Amino acid sequence: MHYIYLHGFASSPHSAKARDLGDRFAQLNIPLLIPDLNQQDFTHLTLTRQLQQVESLLPNNEIPVTLIGSSFGGLTAAWLGQKHPQVQRLVLLAPAFGFLSHWLPKLGQAQVQQWQKTGFLSVYHYGEDRMLPLSYQFVEDAAQYQEDQLQRPVPTLILHGRHDEVIPIEASIHYAQTRPWVTLVELNSNHALTDVRDEIWEVIQRFCLRDVSTP
């Protein structure tokens, strides 16, 4: 099995969750690939670009793949699972289902219209710790992806905080209700999930690593 971790929007491979999971997989001598989805060009980030980047990393010898994705990386993982039979398991941490419908209203109509008019919006990038411009193409591209099309029965584990202030847990509840191959674990946490890392690891081990013995 090949394991890939996809970080969230405006994040990086050096995020707290990425480093924590990377260390835990390393303790089991299991490689965890953590690509930089920013590609040194956050301004022109799109969901399509992320999908193409990760597709290029899939093993060409049909080795089965488990994708672990956080927030927007979780949404990316879900679409890769839909498109590629090679993806045989998904672990989604606070996946960004309905991302635009949750984010754009927080910006407000005036700011969204200004973004569309000028072509760029300044966004705080947690990985860079600074404001960076993001092209309106991000919105236009994401709007093409309709989540009701995510119907391939990939065994999926979703871990979502009950107090998520970015993507409400109801988004994951709604997603899981009509997909019997999805297991939803509710956690007493927020969107970052940094205070429940041990719980997350325990559940991931049961779901992904049952045949791997701890040292």
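Everything numeric here is computed off the predicted structure, so don't read it as measured data. (Residues numbered from 1 in each chain as written. Predicted model: local features only at pLDDT ≥ 70, side-chain atom pairs only at ≥ 80, totals over all residues. Heavy atoms only, no water.)

Draft legend 1. The packing of aromatic side chains, seen in detail. Under the criterion given, the structure shown has 17 aromatic pairs. Between phenylalanine 9 and phenylalanine 138, the aromatic rings sit 5.3 Å apart at their centres with planes inclined by 40°, giving tilted as the arrangement. One end of the pair, phenylalanine 9, is in the loop between β1 (2-6) and α1 (16-27); the other, phenylalanine 138, is in helix α6 (residues 137-142), and 129 residues separate them in sequence. Using a relative accessible area of 17% as the deciding quantity, one classes phenylalanine 9 as buried. Each ring, one from tryptophan 103 and one from tryptophan 115, has its centre 5.6 Å from the other, and the planes form 70°; the classification is edge-to-face. Here tryptophan 103, found in helix α4 (residues 99-107), pairs with tryptophan 115, found in helix α5 (residues 109-118); they are 12 residues apart in sequence, far enough to count as distant. Neither tryptophan 103 nor tryptophan 115 differs from the other in exposure class; each is buried. Among the aromatic residues, those joined into a ring-pair cluster are Phe9, Phe42, Phe72, Phe99, Trp103, Trp115, Tyr136 and Phe138. (Phe/Tyr/Trp six-rings, centres within 6.5 Å; stacked < 30°, edge-to-face > 60°. Helix = DSSP H or I, 4+ residues; strand = E, 2+ residues; numbered from the N terminus. Buried < 20%, exposed > 50% of the residue type's maximum accessible area, 1.4 Å probe, protein only.)

Draft legend 2. Region of the structure containing the pairing of strand β4 (residues 87-93). Counting buried positions along β4 yields six of seven residues, so the element is predominantly enclosed. Pairing analysis gives six bridges linking strand β3 (residues 65-70) to β4, with the strands arranged parallel. In the strand pairing of β4, threonine 66 is matched with arginine 89. Taking the sense of rotation as the criterion, the β-α-β connection linking β3, helix α3 (residues 72-83) and β4 turns out right-handed. (Pairing = 2+ DSSP bridges. Right-handed = clockwise from strand over helix to strand, strands pointing away.)

Draft legend 3. Looking closely at the side chain of histidine 160. For histidine 160, the position within the fold is in strand β7 (residues 156-161). One polar contact links the side chain of histidine 160 to the main-chain carbonyl oxygen of isoleucine 167, over a distance of 2.7 Å. Contacts of histidine 160, omitting those with residues within four sequence positions, involve Ala94, Pro95, Ile167, Pro168, Ile169, Ser172, Leu184, Val185, Glu186, Leu187 and Leu193. (Polar contact = N/O pair within 3.5 Å; in protein donor to acceptor, adjacent residues only side chain to side chain. Contact = heavy atoms within 4.5 Å.)

Draft legend 4. Local environment of the packing of α1 against helix α8 (residues 197-208). Where α1 contacts α8, the axes come no closer than 11 Å and their chain directions differ by 50°. For the element pair α1 / α8, the angle class is oblique. For the element pair α1 and α8, the recorded crossing hand is right-handed. Of the residues in α8, those touching α1 at Ala16, Asp20, Leu21, Arg24 and Phe25 are Arg197, Asp198, Trp201 and Ile204. Grouping the amino acids of the contact of α1 with α8 by side-chain chemistry returns five nonpolar, no polar and four charged. (Axes fitted to C-alpha atoms, helices over the stretch in contact; angles between N-to-C directions. Parallel < 35°, antiparallel > 145°, perpendicular 65-115°, else oblique. Left-handed = near helix turned anticlockwise from the far one by under 90°. Nonpolar A, V, L, I, M, F, W, Y, C, P; charged D, E, K, R; others polar.)

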